[in-house]
Amino acid sequence: KNAERTYIMVKPDGVQRGLVGNIISRFEKRGYQLCGLKMRTASRELLEEHYGDLKSKPFFPGLVNFMMSGPVVSMVWQGKDVVKQGRSMLGETDPLKSKPGSIRGDFCIDMGKNVCHGSDSVDTANEEIKMWFKDDEVMDYKLTAYKDIYE
Ligand code: DAT
Ligand code: MG
């Protein structure tokens, strides 16, 4: 129950700017459960798959090159409605349209340096988790605080 999962990633700009801890902390404090976490510099192949739906966009090559420019931090977060809530915690794609209090609204200005990624649907989330994590890198465990988070 309440086992929906999403894929959240701190992009190279977020790593460089020291925002990893803050972003993790927001999800932890909200009550979501961390099920996977790792750092790596992604390959072009993985990024082209991850952003496959944007292949025809003019910004696609720049986006992939930027995402390969340094390590990213990949996370799996679990909990009730986490895909939609995660997007809302991130803010809008364009940081200038993001409300203060959201990650993008608090930490960034330009679309190409928007600090973080979050899956946009449950189906996409499951695909992205498969792309970025091996099965045994995603943990199944019971959160002791579960009863204090959910009614
Ligand atoms: P999101 O990351 O909010 O899911 P998206 O999937 O539409 O947004 O696009 C992926 C990333 O590509 C986005 O975080 C930043 C970049 N991007 C999107 N639209 C762009 C644009 N019009 N110009 C430049 N970069 C853009
Ligand atoms: Mg997207």
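Since the model is a prediction, treat every value here as computed from it, not as a measurement.

Engineer: Talk me through the overall build of the chain; I want residue IDs and the actual numbers.
Structural biologist: Regarding its fold elements, the chain presents eight helices and four strands. In sequence order, the secondary structure elements of the chain are arranged as β-α-α-β-α-α-β-α-α-β-α-α. Its C-alpha radius of gyration of 15 Å places the chain within 12% of the 15 Å reference for a compact globule of 151 residues. Considering only C-alpha atoms, the chain reaches an extent of 45 × 35 × 25 Å along its principal axes. In the chain, buried positions account for 50% of the 151 residues. For the chain, the exposed area adds up to about 8,400 Å²; of that, 52% sits on carbon and sulfur atoms. Once the 23 positive and 22 negative side-chain charges of the chain are each reduced to a mean point, those two points are 3 Å apart.

Engineer: Outline the side chain of Gln78, listing residues and values.
Structural biologist: Tracing the chain through its elements places Gln78 in strand S3 (residues 72-78). A relative accessible area of 11% places Gln78 in the buried class. For Gln78, the side chain forms a polar contact with the side chain of Arg5, separated by 2.8 Å. What Gln78 contacts, discounting residues up to four positions off in sequence, is Asn2, Ala3, Glu4, Arg5, Tyr32, Gln33 and Cys35.

Engineer: How would you sum up the pairing of strand S1 (residues 5-10)? Please name residues and give values.
Structural biologist: Taking burial as the measure, the six residues of S1 include six buried ones, the bulk of the element. Side chains of S1 alternate between two faces, with Arg5, Tyr7 and Met9 and Thr6, Ile8 and Val10 buried alike. Here S1 pairs with S3 via six bridges, running antiparallel. Bridge pairing in S3 places Arg5 opposite Gln78. Sheet analysis places S1 next to strand S4 (residues 116-118), joined by three bridges and oriented antiparallel. Across the sheet, residue Val10 finds its bridge partner in S4, namely Cys116.

Engineer: A description of the site of ligand 1 should follow, citing residues and the corresponding values.
Structural biologist: Taken together, Lys11, Tyr51, Leu54, Phe59, Leu63, Arg87, Thr93, Arg104, Met111 and Asn114 make up all the residues around ligand 1. For ligand 1, an oxygen atom lies 3.3 Å from a polar atom in the side chain of Arg104. Asn114 is positioned such that a nitrogen or oxygen atom in its side chain is 2.8 Å from an oxygen atom of ligand 1. When isolated, ligand 1 has an accessible area of 510 Å², and the protein chains bury 75% of it. Of the residues assigned to the shell around ligand 1, the class counts are five nonpolar, two polar and three charged.

Engineer: Explain the sheet that holds S3 to me, and be specific about the residues and the numbers.
Structural biologist: Spatial strand order, S2-S3-S1-S4: four strands in an open sheet with antiparallel pairing. Edge positions in the sheet fall to strand S2 (33-40) and S4, since each of these pairs with one other strand and no more. Taken over all neighbouring pairs, the strand axes of this sheet differ in orientation by 15° on average, direction set aside. Of the strand pairs in this sheet, S2 and S3 are connected by seven bridges, and their pairing is antiparallel. In the sheet register, Gln33 faces S3, and the bridge partner there is Gln78. Its contacts with the sheet place helix H2 (residues 20-30) against S1, S2, S3 and S4, and it is angled at close to 5° to S3.

Definitions and limits used
- Residues numbered from 1 in each chain as written.
- Chains lettered and ligands numbered in written order.
- Predicted model: local features only at pLDDT ≥ 70, side-chain atom pairs only at ≥ 80, totals over all residues.
- Heavy atoms only, no water.
- Helix = DSSP H or I, 4+ residues; strand = E, 2+ residues; numbered from the N terminus.
- Rg over C-alpha atoms; globule rule 2.2 N^0.38 Å.
- Buried < 20%, exposed > 50% of the residue type's maximum accessible area, 1.4 Å probe, protein only.
- Areas by Shrake-Rupley, 256 points an atom, 1.4 Å probe, with all protein chains shown as cover.
- Lys, Arg positive; Asp, Glu negative; His and termini not counted.
- Charge placed at Lys NZ, Arg CZ, Asp CG, Glu CD.
- Polar contact = N/O pair within 3.5 Å; in protein donor to acceptor, adjacent residues only side chain to side chain.
- Contact = heavy atoms within 4.5 Å.
- Pairing = 2+ DSSP bridges.
- Near = heavy atom within 4 Å.
- Nonpolar A, V, L, I, M, F, W, Y, C, P; charged D, E, K, R; others polar.
- Axes fitted to C-alpha atoms, helices over the stretch in contact; angles between N-to-C directions.

Interpretation note: all reported values are geometric properties and have no functional meaning in isolation.
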